[in-house]
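Coordinate inspection notes
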Amino acid sequence: MIRFILADLCRLWAGSLVVVLLVALATALGVSVVLQERALRLGSARAADKFDLVIGAGGSETQLVLSSVFLQPSPLPLMPGEVLARLAADPRVDWAAPIGFGDSFSGYPIVGTTVMLADKLSGGFAEGKVFAHEGEAVIGSAVRLSLGDEIKPMHGSAEEGGETHTELVYHVAGRLRPTGTAWDRAILVPIQAVWHIHGLEANERSEGAEAAGHDHARDGVDHDEHEHHDKLDPDAALNETWTADTPGLPAILVKPKTIAAAYKLRQDYRSGNTVAVFPGEVLTNLYATLGDAKQILVAVASGAQALVAASLVLVTVIHIGQRRRQIGALRAFGAPRGAIFGIVFLEFFFLVAVGIALGFALGFAAALILSGLFSETSGIAMPVGFSGEDAGLAAVLLAFAAILAALPAVLAYRQSPAQALRA
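Residues numbered from 1 in each chain as written. Predicted model: local features only at pLDDT ≥ 70, side-chain atom pairs only at ≥ 80, totals over all residues. Heavy atoms only, no water.

Overview of the confidence of the model for the protein chain
Caution applies to low-pLDDT regions: their predicted coordinates should not be interpreted in detail. In this model, the protein chain carries a mean pLDDT of 79, and residues with pLDDT of at least 70 account for 76%. Taken element by element, the protein chain is modelled with least confidence in helix α12 (residues 417-422), mean pLDDT 51, and with most confidence in strand β9 (residues 187-190), mean pLDDT 95. Segment residues 202-228 is flagged for pLDDT under 50; beyond a separation of four residues in sequence, or across chains, it makes 61 contacts in the model. (pLDDT = per-residue confidence, 0-100. Helix = DSSP H or I, 4+ residues; strand = E, 2+ residues; numbered from the N terminus. Contact = heavy atoms within 4.5 Å.)

A look at the pattern of salt bridges
What the rule picks out here adds up to 10 salt bridges. Note that Glu37 and Arg41 form a salt bridge whose closest N and O atoms lie 2.1 Å from each other. Of this pair, Glu37 and Arg41 both sit in helix α2 (residues 13-48), four residues apart, roughly one helical turn. Given the relative accessible area of 9%, Glu37 is considered buried. With relative accessibility at 28%, the residue Arg41 sits in the partly exposed group. One salt bridge in this structure joins Arg270 and Glu61, with 2.7 Å as the shortest N-O distance. Taken together, the residues span a long stretch of sequence, with Arg270 in the loop between α7 (259-268) and β11 (274-277) and Glu61 in helix α3 (residues 61-68) at a distance of 209 residues. Take Arg270: its relative accessible area is 37%, and that puts it in the partly exposed class. Under the relative-accessibility criterion, Glu61 is labelled partly exposed at 27%. Here the salt bridges share partners, and the residues they tie into one network are Arg38, Glu389 and Asp390. (Salt bridge = Lys/Arg side-chain N within 4 Å of Asp/Glu carboxyl O. Buried < 20%, exposed > 50% of the residue type's maximum accessible area, 1.4 Å probe, protein only.)

As for the nonpolar core
Ile99, Leu117, Trp183 and Leu188 are the most contacted members of the largest nonpolar core, which totals 51 residues. Not counting chain neighbours up to four residues away, the residues in contact with Leu117 comprise Phe51, Trp95, Ala97, Ile99, Trp183 and Leu253. By size, the runner-up hydrophobic cluster in this structure holds 22 residues, among which are Ala85, Ala96, Ala276 and Phe278. (Core = buried A, V, L, I, M, F, W, Y, C linked by side-chain atoms within 4.5 Å.)

Structural data, given as structure tokens:
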């Protein structure tokens, strides 16, 4: 029987190929949606795990996390620098690192921060060392620069027509190890240098928290009305002692000493002027929205699969009608009804099963490509892989294939040899 089925499939190779491709494409659509959505969840969750608590000025919690954790450019209001001074002196805090952004270089975001965060972010350096002066920078693992390269900060981005700052040129001092987060594509510089480039001094009180809606505070650092073109000293020493007169900040990344301390800090800083969030909680809300989008995409994929299944049934029924003489001849030569049923069933089931297997491979490849493109632009590692849920999906598809294969097999089973030969 097997040899007969293989010979029959080889004789009808064109139609068999069409059936396999139809099933493969319909399956690949659904598989790629499932794998890509899972990869996005895992990648973003792992990126958020790097940061325990984020504190910012009152506003959107989602935007605060997207800007500070995933480095998505967006206007953020500023909070008074005294918040950082309080956190640095709080016994419940292991360390608190301010961040400031708004500048870029060659498409990479420049993030002003501290030696502490640069040391803790990736657990060490792949090469070089942490910045020790205002004119030094640390690059993420995915930044295509080398040690000693010059970095000329640009306000905003080239696409927005940003202006290059001439006050200071950074030089790469070290490269971080990979983190699998958006920070792999970031350039870290001393936040003290960022303040000086934008005309802020350590003893100036920022008015950004009061002028959050103004353009001067839109990039996470306050800007004076006039331009600053005075040269800065790249060898200036760093001073990371925070006081109440520290300039305003868009966000502070906090490492609490204990879980209990994290919840207490979150409660203490959820006032009208500041907001404290766990990035994981914010992502949970985003996942809910993402889940709704996934359901829509899965419904579209299921609809496509249903149309393909209906088309296959129609084609198969027509095909069985065209093979009535062959079936009648087999019956006339003594083939039992069960053998006829088995031949037709196995032929159709084999084609659909091969299409499903090919569809899983195509869906996996598509998810890998999409995740690679997303990782390249965002820096977030997107792990693509199958899980136990996918085995269940494959079992459901194969069971559905068996039902589809049984329909034409039953038609062939019920045909009379005399009627088939007279057709």
